[in-house]
Amino acid sequence: MSNLELRQQVQSYIDQLSTDKLLLVADFLVDLLEKDDNEATEELLKIEGFKEAFAQAQKNVKENKVISVEQLKRKY
């Protein structure tokens, strides 16, 4: 089953749910998304030097020491 077909099937099921069950499904989906976000964050934090590099990147953004994507495209 393709991704599109699966999404259409899930949408069909969702359309048949009562409001109470729809709220339950919505909560479940939020939990799934948050779990993915947390796992991705944990993976990044395991990379040696990531925290420092991220902090420096945030500082560069605040100080406007950044290059636009268009400038990068022209340069490379």
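This text goes with the structure placed above it.
The structure displayed is predicted, hence computed values, not measured ones. (Residues numbered from 1 in each chain as written. Predicted model: local features only at pLDDT ≥ 70, side-chain atom pairs only at ≥ 80, totals over all residues. Heavy atoms only, no water.)

S.K.: An account of the overall build of the chain is requested, with residue identities and associated values reported.
M.R.: For the chain, the count of helices and strands is four helices and zero strands. Each helix (α) and strand (β) of the chain, taken in turn from the N terminus, gives the series α-α-α-α. Here the chain has a C-alpha radius of gyration of 21 Å; the compact-globule value for 76 residues is 11 Å, and the former is much larger. Taken along the three principal axes of its C-alpha coordinates, the chain extends 50 × 30 × 25 Å. Counting only residues that meet the buried cut, the chain has 0% of its 76 residues in that class. Accessible surface computed for the chain: about 7400 Å², of which carbon and sulfur atoms make up 57%. Once the 11 positive and 15 negative side-chain charges of the chain are each reduced to a mean point, those two points are 12 Å apart. (Helix = DSSP H or I, 4+ residues; strand = E, 2+ residues; numbered from the N terminus. Rg over C-alpha atoms; globule rule 2.2 N^0.38 Å. Buried < 20%, exposed > 50% of the residue type's maximum accessible area, 1.4 Å probe, protein only. Areas by Shrake-Rupley, 256 points an atom, 1.4 Å probe, with all protein chains shown as cover. Lys, Arg positive; Asp, Glu negative; His and termini not counted. Charge placed at Lys NZ, Arg CZ, Asp CG, Glu CD.)

S.K.: Kindly report on the pattern of salt bridges, identifying the contributing residues and their values.
M.R.: Within the structure shown, the criterion is met by three salt bridges. K65 is the partner of E63 in a salt bridge, and the nearest nitrogen-oxygen pair spans 3.0 Å. Its salt-bridge partner being K73, residue E70 comes within 3.8 Å of it at the nearest N-O pair. On the criterion of helical spacing, the pair formed by E70 and K73 is a turn pair, its members being three residues apart in helix α4 (residues 69–75). According to the relative accessible area criterion, E70 is partly exposed, its value standing at 46%. Judged by relative accessible area, which is 56%, K73 ranks as exposed. (Salt bridge = Lys/Arg side-chain N within 4 Å of Asp/Glu carboxyl O.)

S.K.: Residues and numbers for the environment of L6, please.
M.R.: The residue L6 is located in helix α1 (residues 3–15) in this model. In this structure the C-alpha to C-alpha distance between L6 and L32, which are 26 residues apart in sequence, comes to 17 Å.

S.K.: Break down the packing of aromatic side chains for me, with residues and values.
M.R.: Counting across every chain of the model gives one aromatic pair. Between F50 and F54, the ring centres sit 5.7 Å apart and the planes meet at 15°, which makes this aromatic pair stacked. Here F50 pairs with F54, and both are found in helix α3 (residues 50–62), just four residues apart, close to one helical turn. Judged by relative accessible area, which is 23%, F50 ranks as partly exposed. Among the residues examined, F54 registers a relative accessible area of 44% and is labelled partly exposed. (Phe/Tyr/Trp six-rings, centres within 6.5 Å; stacked < 30°, edge-to-face > 60°.)

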